[in-house]
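The residues making up each chain are set out below.
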Amino acid sequence: MGVEGTCLTGTLRAHLAALSPAWRASLASILAAGSTQALIDYVDGRVAAGQVVFPPQPLAALQGCAPQDVRVVILGQDPYHGAGQAHGYAFSVPDGVRPPPSLRNIFLELARDCHCPPPPSGALLGWSRQGVLLLNTVLTVEEGRAGSHAGRGWESFTDAVIDAIASLPGAKVFLLWGAQAQAKRDRIQAVGAAQLVLCANHPSPLSARRPPVPFLGCTHFSQANRYLSANGREPIDWCKSVLC
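Bear in mind the structure is a predicted one, so any value in this text is a computation, not a measurement.

## A word on the pairing of strand 3 (residues 132–136)
The side chains of a regular strand alternate between the sheet's two faces. For strand 3, the tally of buried residues reaches five of five residues, placing the bulk of the element in the interior. Burial of strand 3 is two-sided: the residues Val132, Leu134 and Asn136 facing one way and the residues Leu133 and Leu135 facing the other way are all buried.

## Here's the deal with helix 11 (residues 220–230)
Buried within helix 11 we find His220, Phe221, Ser222, Ala224, Asn225, Tyr227 and Leu228. As for helix 11, its buried residues are in contact with strand 2 (72–76), helix 6 (101–114), helix 7 (125–128), strand 5 (172–177) and strand 6 (195–200). With its phi angle positive at about 80°, Gly232 sits one or two positions after the end of helix 11.

## Focus: the packing of aromatic side chains
For the coordinates displayed, the defined rule picks out seven aromatic pairs. Pairing Trp154 with Phe157 gives two aromatic rings, centres 5.6 Å apart and planes at 80°, and the pair type is edge-to-face. In this pair, Trp154 and Phe157 both sit in helix 8 (residues 154–167), three residues apart, roughly one turn of the helix. The exposure class assigned to Trp154 is buried, which follows from its relative accessible area of 0%. Ring centres of Trp177 and Phe215 lie 4.9 Å apart, and the angle between their planes is 75°; this geometry places the pair in the edge-to-face category. Here Trp177 is found in strand 5, whereas its partner Phe215 is found in the loop between strand 6 and helix 11, with 38 residues between them in sequence. Phe215 matches Trp177 in its accessibility class, with the two residues each being buried. Taken together, Phe91, Trp127, Trp177, Phe215, Phe221 and Trp238 form an aromatic cluster joined through their ring pairs.

## Regarding helix 8
Here helix 8 is 14 residues long and its end C-alpha atoms lie 20 Å apart, about the 20 Å a rise of 1.5 Å per residue gives. With 10 of its 14 residues buried, helix 8 lies for the most part within the structure. All buried positions along helix 8 are accounted for by Trp154, Phe157, Thr158, Asp159, Ala160, Val161, Ile162, Ala164, Ile165 and Ala166.

## Description of the state of the cysteines
Per the stated rule, a full pass over the model turns up one disulfide. The disulfide that involves Cys116 links it to Cys239, with 2.2 Å between the sulfurs. With the S-S dihedral at roughly -85°, the linkage between Cys116 and Cys239 falls on the left-handed side. Residue Cys116 is found in the loop between helix 6 and helix 7, and its partner Cys239 is found in the segment after helix 11; the two are separated by 123 residues along the sequence.

Each value, and the rule that gives it
- Residues numbered from 1 in each chain as written.
- Predicted model: local features only at pLDDT ≥ 70, side-chain atom pairs only at ≥ 80, totals over all residues.
- Heavy atoms only, no water.
- Buried < 20%, exposed > 50% of the residue type's maximum accessible area, 1.4 Å probe, protein only.
- Helix = DSSP H or I, 4+ residues; strand = E, 2+ residues; numbered from the N terminus.
- Contact = heavy atoms within 4.5 Å.
- Phe/Tyr/Trp six-rings, centres within 6.5 Å; stacked < 30°, edge-to-face > 60°.
- Expected span 1.5 Å × (residues − 1).
- Disulfide = S-S within 2.5 Å.

The following block contains the structure:
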């Protein structure tokens, strides 16, 4: 697959306009905010200037999981910045793409914590269909430039997504991996009471085994299921990460 098949399709304005009615209702204020309009102008302007922007569907995680169905939020940073890797779900890669190191560590922890066999694909769409929102704090990135769209308005948008999920009734679990995700902890806990917030280092090989809370050995997947079950919600079948 060439770069042209993996970069942003159409305009960000069109992607936001195509959000489902449920998400549009939940995010009405931020969609109308000046910060979002500035974000649209920036991203669409970069594409118009010839910059390669990933992923092709930046709001795929929202489209794949309605707000009322969310049981677990896994919060990442920004999309993979290599051609063909990002497809709109945090940590996930399209089917047929070799899992990057962070995702391989996620699969290692799954095997240790939940005895899940190695999945045949790094596409985590099976989780999304079960109510796991795979959300990055920034939803677009330029080729080869990690963090290139940080500070342009995505943070306010994804804060609004977090607020919307946390304020809905029903128990939910937020898995915050790494300092950038953990910066959202106080926000989540301030919005809603029926939440379990679990924090660990980022699954990157640079931090997965380091203190204070190594990702490898964190048991977040089994802890999430125990909390959901104890609060009357169906647990996640973490071994079914691939959409059948």
